[in-house]
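A look at the structure
The residues making up each chain are set out below.
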Amino acid sequence: MSLRLRIVTPERVLADTEVSELTAPGIAGEFGVLPEHVTFLGGLDTGVLSYTDANGDKHELVVSGGYAEVVDDTVTVLADSAQPAGEIDAEVAARDRDQAQAILDDPAADTAATEAALLALKLAETRLGVS
Amino acid sequence: MANLKDIRKRISSVRSTQQITRAMKMVSAAKLRRAEDQVAASRPYSEKLQSLLANLANRVEASSHPFLGEGSDAPVHVLLITSDRGLCGAYNTNLSKAAEAFMASEQGEGASLTVCGRRGNDYFKNRSDRVLTAHVNVPGGVSLELAREVSAEAARLFTEGDAGSVYLVYSEFKSAMTQIVRTRQILPIDRGEASSQQDGDGVSAEGDDEATDYLFEPGAEVLLAGLLPRYLETTVYQAMLEGAASEHGARMTAMDSATRNAGEMMDALTLQMNKARQATITGELMEIIAGAEALNG
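Computed from a predicted model, the values in this text were never measured in an experiment. (Residues numbered from 1 in each chain as written. Chains lettered and ligands numbered in written order. Predicted model: local features only at pLDDT ≥ 70, side-chain atom pairs only at ≥ 80, totals over all residues. Heavy atoms only, no water.)

This part takes up the nonpolar core. Residues F67, I189 and M240 of chain B are the most contacted members of the largest nonpolar core, which totals 47 residues. Of all the secondary structure elements, the ones that give two or more residues to this core are helix 1 (4-57), strand 1 (77-81), helix 4 (144-159), strand 4 (166-173), strand 5 (179-187) and helix 7 (220-296) of chain B. Among the elements that line this core, the one with the most residues is helix 7 of chain B, at 13 residues. When neighbours within four sequence positions are excluded, I189 of chain B is seen to be in contact with L53, F67, L68, L228 and Y231 of chain B. Core analysis: the second largest hydrophobic core is formed by 21 residues, L3, A68, V77 and A82 of chain A among them. (Core = buried A, V, L, I, M, F, W, Y, C linked by side-chain atoms within 4.5 Å. Buried < 20%, exposed > 50% of the residue type's maximum accessible area, 1.4 Å probe, protein only. Helix = DSSP H or I, 4+ residues; strand = E, 2+ residues; numbered from the N terminus. Contact = heavy atoms within 4.5 Å.)

Moving on: the domain arrangement of chain B. The assigned domain composition of chain B is domain 1 (4-20 + 257-296) and domain 2 (28-254). A separation of 55 Å is found between the C-alpha centroids of domain 1 of chain B and domain 2 of chain B. (Domains from an automatic or database assignment.)

Let us now look at helix 1 of chain B. Between its first and last C-alpha, helix 1 of chain B extends 74 Å over 54 residues, near the 80 Å set by a 1.5 Å rise per residue. Along helix 1 of chain B, the helix axis deviates most sharply at R43 of chain B, where the bend reaches about 30°; the proline P44 of chain B sits within four residues downstream. (Expected span 1.5 Å × (residues − 1). Bend = angle between axes of the 7 residues up to and from the residue.)

This paragraph deals with the confidence of the model for chain B. The share of residues in chain B with pLDDT of 70 or more is 91%, and the mean pLDDT across the chain is 86. Here residues 197-211 of chain B is a poorly scored stretch, pLDDT under 50, and it has 13 contacts once near neighbours within four places are set aside; other chains count. (pLDDT = per-residue confidence, 0-100.)

All names here are of chain A. Examined at the domain level, chain A breaks down into domain 1 (3-86) and domain 2 (88-130). Placing a centre on the C-alpha atoms of domain 1 and another on those of domain 2 gives a separation of 24 Å. The partner domain 2 presents six residues to the 12 residues of domain 1 that form the contact. Taking both partners together, domain 1 and domain 2 bury about 840 Å²; carbon and sulfur atoms supply 59% of that area. It is T46, V62 and Q83 that lose the most area in domain 1 upon contact with domain 2, and together they represent 54% of the buried surface on that side. Connecting domain 1 to domain 2 are one salt bridge. In this structure, the salt-bridge partner of D45 is K122, at a minimum N-O distance of 2.9 Å. (Buried area = accessible area lost by both parts, 1.4 Å probe. Salt bridge = Lys/Arg side-chain N within 4 Å of Asp/Glu carboxyl O.)

Residues and elements named next belong to chain B. Burial of strand 4 is extensive: eight of the eight residues sit out of reach of the surface. When strand 1 meets strand 4, the two strands line up parallel, connected through four bridges. Bridge pairing in strand 4 places L79 opposite L168. Pairing of strand 4 with strand 5 involves eight bridges; the strand directions are antiparallel. Paired with Y170 across the two strands is R182, which belongs to strand 5. (Pairing = 2+ DSSP bridges.)

Right, let's get into the interface of chain B and chain A. Taken together, the contact between chain B and chain A spans 22 residues of the former and 27 residues of the latter. For the pair chain B and chain A, the interface holds two salt bridges. Ionic pairing is found between E69 of chain A and K48 of chain B, a salt bridge with its closest N-O pair at 2.8 Å. Summed over the shared surface of chain B and chain A, the number is eight residue pairs in polar contact (both at pLDDT 80 or more). Those elements that place two or more of their residues in the side of chain B that touches chain A are helix 1, helix 4, strand 6 (215-217) and helix 7 of chain B. For the side of chain B that touches chain A, the leading source of residues is helix 1 of chain B, giving eight residues. Among the residues forming the side of chain B that touches chain A, the class breakdown is 14 nonpolar, two polar and six charged. (Polar contact = N/O pair within 3.5 Å; in protein donor to acceptor, adjacent residues only side chain to side chain. Nonpolar A, V, L, I, M, F, W, Y, C, P; charged D, E, K, R; others polar.)

Below, the discussion takes up the layout of surface pockets. Taken as a whole, the largest pocket holds about 860 Å³ of empty space. The wall of the largest pocket is formed by 26 residues, among which S64, D80, S81 and L119 of chain A together with R148 of chain B lie closest to the centre. Of all the secondary structure elements, the ones that give two or more residues to the lining of the largest pocket are strand 6 (58-71), strand 7 (74-84) and helix 2 (111-130) of chain A together with helix 4 and helix 7 of chain B. In terms of residue count, helix 2 of chain A provides more of the lining of the largest pocket than any other element does, seven residues in total. Taken as a whole, the second largest pocket encloses approximately 560 Å³ of empty space. The wall of the second largest pocket is formed by 24 residues, among which G141, V142, A244, E247 and H248 of chain B lie closest to the centre. Elements with a contribution of two residues or more to the lining of the second largest pocket: helix 1 and helix 7 of chain B. Taken together, the residues that form the lining of the second largest pocket break down as nine nonpolar, 10 polar and five charged. (1 Å grid on protein atoms, 1.4 Å probe; cavity = no way out; pocket = protein on both sides within 12 Å on 5 of 7 lines; lining within 4 Å. Points joined across faces, edges and corners; volume = space filled by probe spheres on them.)

Have a look at this one:
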């Protein structure tokens, strides 16, 4: 038994492969998917999505926002952005984190900017965590 | 009759123009291929999003989200997508004219306008004072960030009631030779459209009753509220990508015919030059012969 996993972002298809299990960061907490999972649609938070492919190798990706759908042992992840752990540039992530932190520290920043910075900070820190 | 030197000068100037147009054609061909790849790469996402949306939208009341409502009587807002650079045939003119015609129609009365691309902005700058925002010479060209910004702006106008509905004017990419100008309503989102497109590709997804047994986390309405702005973004993003592909296609075609025209012109000028040369030689010979005849006589 295996699952088919498709990870799709607006810019490209990142993965289309057979996996044995996967763990994703849901809005309502992290969830795992195994074969014969119930038909499911959930929102994704910023976090690490990991899966084990047919060869037993573990893969990690940083996703930010989006949806995961499970139908008939096919998992479709629609992510706003997704980056495999191997592609993460720690320097870029650190710079993003510092930028976001600067906005958060700035008392003059408006609500929208602060919210965006919070998201950016979380994403950068998650990226740093896996790289 | 133009003298030899003038013709030679013109030939060499036509030749250097031809070199430029030929180079531009090559560049456009390469860019076109990349743009086409981008359009193809973004398609799986938008198709999946559309099927999710169709699935969710049928489950909730239309009143649960403003994007699904009826819109209001406020004037429409037009989102026009053109290119920053010219020399691509009638591409930008066609788009700008289509937007202008739409705004002049009964439906588009009092419409406001958002322009992406310098060319479209140049067109409307002196013709209309209804341009609200222009995104001109955006570094990096088409990007998801730009699409997000533009669609968020349109969504804001719509939800705050400044716009009764939002239309997108863009160019659909068919082939390098054909681009079709499309005017399409993007807000409010037409639920019928979302579900009918689902029927086209979603036999497996909707084939049985399983689709009704979704477990939603969090609830369907919360998910839908996040999905609708993303759907809007993706629609705008795809229109921009199609626009970019159309632009390069149009430029390639335009530069191809320019290269050909330059070739024809060079042929015609060469013929003219040869004739002129011949005429000079004949003239000189006549003079020599006449001179010799005069001496003999």
